[in-house]
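One-letter residues, chain by chain:
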Amino acid sequence: MSTKGAKSQEVRLLGEGISRGIAIGEPYLFSYQQPTVPVYPVSLTGRKEELRRFLAAVDKGREELLLLQRQLECEGAQDAIDIVEAQLQFIADPTIIADMTQGIMEEGRNAEAVFQALWKRYRAQFQSIGDSFFRERWADLEDLYRRILRHLLGGSQAALASVPKSAIVFATELSPSDTASVQGCAIGAFVTQKGGATSHAAIVARAKGIPYIANLDLSRLPKNLHGPVIVDGRTGVVILNPKPATLQKYRTTALHIADAMADLERQAEHKSETYDGHHIRLSANLEDVTELSLLHGHGGYGIGLFRSEYLFLSRSGFPSEEEQYDAYRTMLSHMDGLPVVIRAFDVGGDKHAAEQRTWKELNPFLGCRAIRFLLRKPEIFRTQLRAILRASAHGNISLLFPMVSSLQELREAKNIVDQVRHKLISEGHKIPAHLSIGSMIEVPSAALIADVLAQECDFLSIGTNDLVQYALAVDRSNDAMSGHYAPTHPGVLRLMKFVVAQANQHGISVSLCGEMAADPRLTALLIGLGLTELSVASRHIPLIKHVIRRTSIVEARHLANQALALADAGEVLSFLSNEYRRTAPEDVLYNPR
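The sections below set out a description of the structure shown in this document.

Considerations on unusual backbone geometry
- In this structure, Ser166 takes a positive phi of about 65° despite not being glycine.
- With respect to the helices and strands, the residue Ser166 is situated in the loop between α6 (132-153) and β5 (167-171).
- Its identity as a non-glycine residue notwithstanding, Asn215 has a phi of 60°, on the positive side.
- Summarising the element assignment, Asn215 is placed in the loop between β7 (212-214) and β8 (229-232).

Listed below in C-alpha cells is the structure:
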C-alpha cells in the first residue's frame, strides 16, 4: 500500500471481528518490549536479599492485581475479574515460592535470572500439553510474569490506561491485563495481528464492551497512519481515511446500538414469553458465583448451567469438599429459591485437571474427559457429590452429568450418587429426599438414545458447542476448521429435534445451554424446535428476552419446519438471518447495513 494513496483514499482492511460494536477514533500503536534480563552471580550472604527482592516484587504485583480487580468489580466486567482471580491464585501457589527459593539458594544467581529460567520451564510444561485452550490460558500467566519481572527490574509498564480517550489501539497482540486495565469508555477499539475469539483478551474486551478485530495484517498499515479510523467489530472491517459520508453513517449506527442496548437493559423485569403467551425459561450460564448480580440485574430465571470445573482450572488441584460446599451454598443463598443446575466437573478436552496435564492423548476431545474421567476417578467424583448433596438442603439444586454417551455411564454415575447419599445420611446429614438428575446431550450417541436416557433422567440439557463438534467431526479449537463448524447444519438440527421430541414424550424438560442460545438470529428456530428452556451468558439475557417477546410460537414452528427442509448449513443460516433481518431490522448489531 502506498502512503500517498492512504492519505487521500478511503481504505478498507478485513480481519476477524471477535467483539461486536463500532468505534471511531485516532490510531494508537501499542507495543510491549521484552526487557533485557541481567544475569550475575550472587554470594552466599546476598542470596537471602535476592529472595526478599522477589517476594517484594510478588507483593507489589498482588497489590496491583487486587486494585485492578476492585476496578473491574465496579465496572461489572465479570469475565475480566475471573482472569485476574486466576492470576491471583497462581501467584499464591506455594510451589512458585519453593521453586524460586531453591533456584536462588542453589544456583547463586540474581532473582531476575532465576525467575526468567523458572518461567521458561513452566512455559515448556504448558506447551507440551498441545491443545489450544491451554496455549490461550498461558497468555494470562505470561501477563503475570511481565508484571513481576517489571517490579524486579524497577521499571514501568507500558499501560493502556495512558492511551488517549477513544483511541483505536493497534498491536501485534494484547494480554488480558492490557485490556482489563482500561475503563470501557476510554479505549475505542482494539485491532491486533494475533488473537482469537476464545482468547481471554477477547473475552475481556467483550465484557467491557470494546470492539475488537483480530487477525488483521498490520504490515498493510501505512507508516504515517493517522485518523480518524473506523472499526466495525460486527464485520471485521477497519476503515482508514474514511470519507465524510462513511464517518457520518458509522457515527449514527454507533449511537443507535448504544441506545438500543440501554433500552433492553431497562426492560429486565419483563417476562420471557412469546407475544402469544408461550413461556420460555431464560436462565444464565455461570462460571463464578460473583456473576450473580449481573444475572439478577438482567432478569434471568435461575442458573441453567454452573460450570463447576472453573472452581479449579486456575489451581494446582481440585477444591476440597468444604471449599465446594461453601461455593455452592453461597450461590444458593443469593438465588432465593430460583433453580440452580450444577454440572459435574467437565474436565478433559480443552479443560484439564492438574493430574491430566501430564497425560498424552492423541485426541483429548475423544479421550478421558467429563463423565469418563469422573467414573475413572471416583474419589474426585464422590467429593463433589458430597458437597452438592449437602448444599442441596439449602436451595433448589439439580445435578447434570457431562458428555454422557451411553446408558451404562448414566447408570454408573447415578449409582455413585445413591452410595454417597446413603453415606451422608448415615453420618447425620440432612439430605433432601430427591435430587433432580439430568444428562447432557453433547455427542450423537446420546442424542440417538435420548428416549432411553429420558427414562432414567429428570431432565436433559443439549450442549450444542460439543454436539456440533462431534456430529460434524470438526475440532472447534482448530482455527483452520472454523469454516466447517456449523451449528445450523441440518444434521445437528435434526438431532436436536429428535432429543426434544423424546424428552416431551417421556414428560421431562429439555434445555439448551450452548452458544446457539445466545444468537438472536437462531432464537425463533430453537423455540420452533420445541425448546422451552434456554441458558445463556448473563450479558445476553436482555437481547434474547427481547427476541422471545417478539416471537409467536405458531410462527416459530413454521420457521423451524422451513429451516429443517433445507439441505445445507449455509442455506439455513442465510434463511434465518434474512428472517431475523425482516422481523428485527432495527438490530444493527446483528444486522449490519
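Now, onward.
Describing the nonpolar core
- Judged by nonpolar contacts, the single largest core of 97 residues is most densely connected at Phe381, Phe401, Leu460, Ile462 and Met496.
- Contact partners of Phe401, with chain neighbours within four places excluded, come to Ile371, Phe381, Leu410, Ala413, Lys414, Val417, Ile437, Gly438, Ser439 and Met440.

Observations concerning the packing of aromatic side chains
- A complete count under the given rule lists 12 aromatic pairs for this structure.
- A centroid spacing of 5.4 Å and a plane angle of 50° characterise the contact between Phe54 and Phe115, whose relative ring orientation is tilted. Within this pair, whereas Phe54 is found in helix α2 (residues 47-75), its partner Phe115 is found in helix α5 (residues 111-127), the two being separated by 61 residues in sequence.
- Given the relative accessible area of 1%, Phe115 is considered buried.
- Measuring from centroid to centroid gives 5.5 Å for Trp119 and Tyr145, while their planes differ by 20°, and the two rings are stacked.

As for the pattern of salt bridges
- Throughout the structure, instances matching the rule amount to 23 salt bridges.
- Taken together, the salt bridges that share partners define one network made up of Glu321, Glu322, Arg386, Arg390, Lys423 and Glu427.

Reading guide: rules and limits
- Residues numbered from 1 in each chain as written.
- Predicted model: local features only at pLDDT ≥ 70, side-chain atom pairs only at ≥ 80, totals over all residues.
- Heavy atoms only, no water.
- Helix = DSSP H or I, 4+ residues; strand = E, 2+ residues; numbered from the N terminus.
- Core = buried A, V, L, I, M, F, W, Y, C linked by side-chain atoms within 4.5 Å.
- Buried < 20%, exposed > 50% of the residue type's maximum accessible area, 1.4 Å probe, protein only.
- Contact = heavy atoms within 4.5 Å.
- Phe/Tyr/Trp six-rings, centres within 6.5 Å; stacked < 30°, edge-to-face > 60°.
- Salt bridge = Lys/Arg side-chain N within 4 Å of Asp/Glu carboxyl O.

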